[in-house]
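# Fold and geometry: a report
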Amino acid sequence: MNLFRKAGTFVKKLNETDIRNIMKGASLLGSGGGGSMSDGLIMLEAFKKHHIGLKIEVELVDPDEMSDDYAVGAAVMGAPSEGTNQDITDCIVNAYDEICCIADRGNCMPGYVMALELGGVNTFAPMLISLMQSVPIIDADCAGRAVPGLDTVLAALLGCPTAPIAMADVYDNRIDLLPVNAYDAEMIEKLALPIVSSFKQNAGIAGWLCNKEMVKTTMVQHSISKALKIGELISSIKSKDQAIRLFDELRRLGLANARTLTKPSKIEDFKVTQQGGWDIGEFIVGSADARYHVIFSNESLLLYQMSFTGNEKLVMSAPDIIALINASTGEAVTNDDLQTMQLKGELETLEVVLGIIQANELWHQNEDVNQCWRKYFAGCGYHGMSVSYSE
């Protein structure tokens with residue numbers, strides 16, 4: 001990575017190594033969701049194959065350095081398991097192209113692109129657009145983690161308009177969502193879900209058009225550069241001993257308020273089904289002295305501690321981040337990765353460490369914001385409020 005000044009603006013130029021490290025860091029911060037890094041790498045390699053000789057480089061702009069141009073968020077929406085081992089580049093690029101057409105009609109053509117959420121696919125999505133369209137990305141994202149629905153996007157909860165929304169599939173079928181109330185993320189989620197189903201759970205989505213002030217007041221600032229630093233730390237791991245100390249090292253370095261919960265252990269009783277566009281599942285991890293039950297809806301949402309007698313106590317929930325890492329490499333293991341490994345018969349060979357990471361402070365400044373999770377908790381069998389971890 002290097003820095004240069006462009007038209008009065010300091011811009012970071014990210015190379016391929018930086019991009020890969022961002023994907024590693026974002027995967028850890030995705031709370032088990034946001035797409036598997038392996039699928040993000042499929043798109044990166046496909047881009048390189050079709051652009052031989054082109055320098056892999058994107059521009060990262062600090063929100064403070066934005067011009068008057070608008071930014072637009074982009075991602076893939078749908079059950080992560082349906083996008084596994086596929087190049088879904090076209091659905092992302094088609095959605096971005098469509099939101100640009102909408103924005104052009106409203107005289108607010110975007111000059112920047114940003115991540116809707118953190119994760120191995122959805123943090124790479126804006127970088128892929130940047131590579132293909134030469135548009136810089138903003139050092140911010142709309143959620144500070146991965147989220148299960150448009151009505152749990154932090155920026156929308158803090159006042160950023162969700163609509164207009166453009167959706168597209170890999171075949172260039174496109175649909176615009178132009179609701180009466182651009183701020184009604186819950187309604188927009190209801191409109192989007194049947195489209196995602198029609199697009200076979202691989203829908204490119206773009207929206208959240210916003211100016212500099214909106215980026216600075218509703219987005220998680222500097223989350224991309226944070227993911228880069230975390231990814232660089234993961235890439236520096238040379239031994240299992242270093243890997244299993246990753247969460248403690250993140251805390252020591254001030255990169256995240258993180259904590260290790262288990263020793264290296266195997267995944268037990270992994271189960272997953274697809275329900276209404278989400279991969280709903282659960283698993284058990286840990287050993288006798290620290291054993292946990294994780295329930296996910298795409299993203300890991302609920303963390304229960306298990307007693308010797310088999311009783312369970314909810315010790316943490318979203319928005320805080322439940323993270324699994326490979327005990328040998330320190331790289332994040334997503335819920336989609338677990339499902340893929342189970343299908344391949346490889347899950348029983350995997351050793352992981354479970355850790356937790358406190359979500360961005362914006363999630364904790366207003367209790368009303370966290371009402372958004374209750375619908376998704378209920379789908380996982382819990383009907384209470386968010387719970388923060390305490391020792």
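Residues numbered from 1 in each chain as written. Predicted model: local features only at pLDDT ≥ 70, side-chain atom pairs only at ≥ 80, totals over all residues. Heavy atoms only, no water.

### Description of the nonpolar core
In terms of nonpolar packing, the biggest core is built from 64 residues, with Leu-28 and Leu-250 touching the most fellow members. No other element matches helix H3 (residues 89-105), which puts eight residues into this core. Setting aside residues up to four positions removed in sequence, Leu-28 forms contacts with Ile-230, Leu-246, Phe-247, Leu-250, Ile-321, Ala-323, Ile-325, Ala-332 and Ile-357. (Core = buried A, V, L, I, M, F, W, Y, C linked by side-chain atoms within 4.5 Å. Buried < 20%, exposed > 50% of the residue type's maximum accessible area, 1.4 Å probe, protein only. Helix = DSSP H or I, 4+ residues; strand = E, 2+ residues; numbered from the N terminus. Contact = heavy atoms within 4.5 Å.)

### Things to note about the side chain of Glu-189
Counting through the fold element by element, Glu-189 comes out in helix H6 (residues 185-198). The side chain of Glu-189 sits in the buried core without any salt bridge; Lys-375 is the nearest counter-charge, 5.2 Å away. Beyond its immediate chain neighbours, meaning those up to four positions away, Glu-189 contacts Met-77, Pro-148, Gly-149, Leu-150, Asp-151, Trp-278, Lys-375 and Tyr-376. (Lys, Arg positive; Asp, Glu negative; His and termini not counted. Salt bridge = Lys/Arg side-chain N within 4 Å of Asp/Glu carboxyl O.)

### Observations regarding the packing of aromatic side chains
For the structure shown, the criterion picks out seven aromatic pairs. Centre to centre, the rings of Phe-270 and Phe-296 are 6.0 Å apart; their planes meet at 20 degrees, and the pair counts as stacked. With Phe-270 in strand S12 (residues 265-275) and Phe-296 in strand S14 (residues 290-297), this residue pair connects regions lying 26 residues apart in the sequence. Given a relative accessible area of 9%, Phe-270 falls into the buried group. Among the aromatic residues, those joined into a cluster by ring pairs are Trp-363, Trp-373, Phe-377 and Tyr-382. (Phe/Tyr/Trp six-rings, centres within 6.5 Å; stacked < 30°, edge-to-face > 60°.)

### With respect to H6
With 14 residues, H6 extends 20 Å from end C-alpha to end C-alpha; this agrees with the ideal 20 Å at 1.5 Å per step. Of all the residues in H6, the buried ones are Ala-185, Ile-188, Glu-189, Ala-192, Ile-195 and Val-196. Where H6 ends, the next residue or the one after it, Lys-200, has phi of about 60 degrees, a positive value. (Expected span 1.5 Å × (residues − 1).)

### Looking at the pattern of salt bridges
Tallied over the full model, the rule gives 17 salt bridges. Between Asp-151 and Lys-375 there is a salt bridge, with the nearest N and O atoms lying 2.6 Å from each other. With Asp-151 in the loop between strand S6 (137-141) and helix H5 (154-157) and Lys-375 in helix H12 (residues 374-379), this residue pair connects regions lying 224 residues apart in the sequence. Given a relative accessible area of 10%, Asp-151 falls into the buried group. Among the ionic pairs, Lys-240 bridges to Glu-351, the shortest N-O distance being 2.7 Å. Placement of the pair is Lys-240 in helix H9 (residues 240-243) and Glu-351 in strand S18 (residues 351-357), with a sequence separation of 111 residues. Salt bridges linked by common partners bring Glu-16, Arg-20, Glu-45 and Lys-48 together as one network.

### Points about the environment of Ala-143
Summarising the element assignment, Ala-143 is placed in the loop between S6 and H5. Under the relative-accessibility criterion, Ala-143 is labelled buried at 0%. With 216 residues separating them in the primary sequence, Ala-143 and Ala-359 have C-alpha atoms 9.5 Å apart.

### Details of the confidence of the model for the protein chain
Per-residue confidence for the protein chain gives a mean pLDDT of 94, with 96% of residues at or over 70. In this model residues 3-8 is a low-confidence stretch, pLDDT under 50, and it forms 11 contacts with partners more than four residues away in sequence or in other chains. (pLDDT = per-residue confidence, 0-100.)

### What to know about the pairing of strand S13 (residues 278-287)
Of all 10 residues in S13, eight are buried, a share of seventy percent or more. Note: S12 against S13, seven bridges, orientation antiparallel. Directly across from Thr-273, in S13, lies its bridge partner Ile-280. From the end of S12 to the start of S13, which pair antiparallel, there are two residues, and Gly-276 there has a positive phi angle of about 60 degrees. Both S13 and S14 contribute to a ladder of eight bridges, which runs antiparallel. Counterpart to Glu-282 in the pairing with S14 is Ile-295. The antiparallel pairing of S13 with S14 creates a hairpin that spans two residues between the two strands. (Pairing = 2+ DSSP bridges.)

### Structural notes on the environment of Lys-216
Along the chain, Lys-216 turns up in helix H7 (residues 212-218). In sequence terms Lys-216 and Ala-140 are 76 residues apart; their C-alpha atoms lie 8.7 Å from each other. Polar side-chain contacts of Lys-216 include one of 2.2 Å to the side chain of Asp-64. (Polar contact = N/O pair within 3.5 Å; in protein donor to acceptor, adjacent residues only side chain to side chain.)

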